[in-house]
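For reference, the chains in residue letters:
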Amino acid sequence: MEEVRREIDLEGRRVPYLIRRSVRARYLRADIGLRTGLRVTLPEGLNEARVEAFLRSRRRWVLRALTRLERLASIIPDRSLAHGTTVPYLGATLTLNLSVGSPARAGRVGDSLIVHAPRRTRSAVRAALEVWYRGEAARVLGGHAREMGAHHPLPYKKIVIRDQKRRWGSCSSNGTLSFNWRLMLAPAEVAHYLVAHELSHLAHPDHSRRFWAKVAELCPGFRDQERWLKRNGVSLVL
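Residues numbered from 1 in each chain as written. Predicted model: local features only at pLDDT ≥ 70, side-chain atom pairs only at ≥ 80, totals over all residues. Heavy atoms only, no water.

By size, the foremost hydrophobic cluster in this structure holds 44 residues, and its most contacted members are Val87, Leu129, Tyr133, Leu141 and Met184. Within the residue set of this core, elements represented by two or more residues are β5 (86–89), β6 (92–100), β8 (112–117), α3 (122–151), β11 (176–180), α4 (188–203), α5 (209–218) and α6 (222–232). Counting residues per element, this core draws most heavily on α3, which supplies 10 residues. Among all residues touching Val87, those that are not within four sequence positions of it are Arg79, Leu81, Ala92, Thr93, Leu94, Leu96, Leu113, Leu129, Tyr133 and Leu238. Core analysis: the second largest hydrophobic core is formed by 20 residues, Ile19, Ile32, Val40 and Leu63 among them. (Core = buried A, V, L, I, M, F, W, Y, C linked by side-chain atoms within 4.5 Å. Buried < 20%, exposed > 50% of the residue type's maximum accessible area, 1.4 Å probe, protein only. Helix = DSSP H or I, 4+ residues; strand = E, 2+ residues; numbered from the N terminus. Contact = heavy atoms within 4.5 Å.)

Another aspect to go through is the sheet that holds strand β2 (residues 13–22). Strands sit in the order β1-β2-β4-β3 across an open sheet of 4 strands; the sheet is mixed. Each edge of the open sheet carries a strand with a single partner, namely β1 (3–10) and β3 (29–33). Ignoring which end each strand starts from, the neighbouring axes of this sheet average 30° apart. Bridge analysis of β1 against β2 gives 8 bridges, and the strand direction is antiparallel. Residue pairing for β2: Glu3 is matched across the bridge by Arg20. Lying on the sheet, helix α1 (residues 50–57) is in contact with β1, β2, β3 and β4 (37–43); it crosses β1 at an angle near 45°. (Pairing = 2+ DSSP bridges. Axes fitted to C-alpha atoms, helices over the stretch in contact; angles between N-to-C directions.)

Glycine aside, a negative phi is what most residues show, and trans is what most peptide bonds show. Here the residue pair Ser102 and Pro103 is connected by a cis peptide bond, since its omega of 5° sits within 30 degrees of zero. Cis geometry marks the peptide bond from His152 to Pro153; its omega dihedral reads -20°. Within the element layout of this structure, Pro153 appears in the loop between α3 and β9 (158–162). Backbone geometry places Leu90, a non-glycine residue, at a positive phi of 50°. With respect to the helices and strands, Leu90 occurs in the loop between β5 and β6. Take Leu90: its relative accessible area is 18%, and that puts it in the buried class.

Most of β4 sits out of view: 5 of its 7 residues are buried. Where β2 and β4 come together, 6 bridges link them in parallel fashion. Looking at β4, one finds that Arg20 is bridged to Thr41. The antiparallel hairpin formed by β3 and β4 contains 3 residues in its connecting segment.

A sheet is described by the order of its strands in space; here 3 strands give the open sequence β9-β11-β10, paired in mixed fashion. Single-partner strands in this sheet number two, and they are β9 and β10 (169–171). Geometrically, the sheet is characterised by an average inter-axis angle of 15° between neighbouring strands, direction not taken into account. Bridging between β10 and β11 involves 3 bridges; their strand directions are antiparallel. Directly across from Ser170, in β11, lies its bridge partner Ser178. Packed on one face of the sheet, α3 meets β9 and β11 and runs near 145° to β9. Its contacts with the sheet put α4 on β10 and β11, and the angle it makes with β10 is roughly 15°.

Moving on, we come to the pairing of β11. For β11, a buried count of 5 out of 5 residues is recorded, marking the element as mostly surrounded by other parts of the structure. Going residue by residue along β11, you find Thr176, Ser178 and Asn180 tucked away on one face and Leu177 and Phe179 tucked away on the opposite face as well. Inspection of the sheet shows β9 paired to β11 by 5 bridges, in the parallel sense. By the bridge assignment, Lys158 is partnered in β11 with Thr176. In this antiparallel pair of consecutive strands, β10 and β11, the connection spans 4 residues, and Gly175 shows a positive phi of 90°.

Further remarks concern the environment of Arg105. With respect to the secondary-structure elements, Arg105 resides in strand β7 (residues 105–109). The sequence separation of Arg105 and Ala128 amounts to 23 residues, and the corresponding C-alpha distance is 5.3 Å. Arg105 has contacts with Ile114, Val115, His116 and Ala128, leaving out every residue within four places of it along the chain. A polar contact is formed between the side chain of Arg105 and the backbone oxygen of Pro103, at a distance of 3.2 Å. (Polar contact = N/O pair within 3.5 Å; in protein donor to acceptor, adjacent residues only side chain to side chain.)

Everything listed here is a matter of coordinates, which is why it stays silent on function.
See the structure below:
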């Protein structure tokens, strides 16, 4: 996919953007990402001269989205995932020790996280890390669920680890508990609270007073963890 960098003036602000030509694109479209910035996808054969008019017609959306991303960037860490940099794990900080190898895998040794990836690129390292974090989520959150579920008792069917964009957890009507693997990037107390929250839905499938009383029974002081997640949840990314 061919890419070129350009700039445009939108209401007095110079906005850099990336043009990507795609043989599969059917129409001109734009997207804005925290790490990618503004990108415009241009169908093959469509004149590049169309791009500026397209962006100007959507300037309010572009400027609002960029302002929002700037706010997020102030609290979201810019992790390069390079050798020697660090990643969070349940309140601890692990140093990445990278090596080239296949298949991709990762494992913890003390305060180091040994990562084997086919290439030392950010995307390859991130893919290996996600697999490791998913495995840790199944182990840690599953352990919390078994312990709390047996003690209270709140039997569940199974645990599923997902890559949810806007949810940290859920409880289905058939007793399946789903959790976001990114909880492993949060303090351990926050992960524990999410398990208590979803388990409590087995007793009360709502957010009634009885539900919150059950959460408090499973996780005393849970309000602190709930507030932490609301303030900092957006920063739980690799």
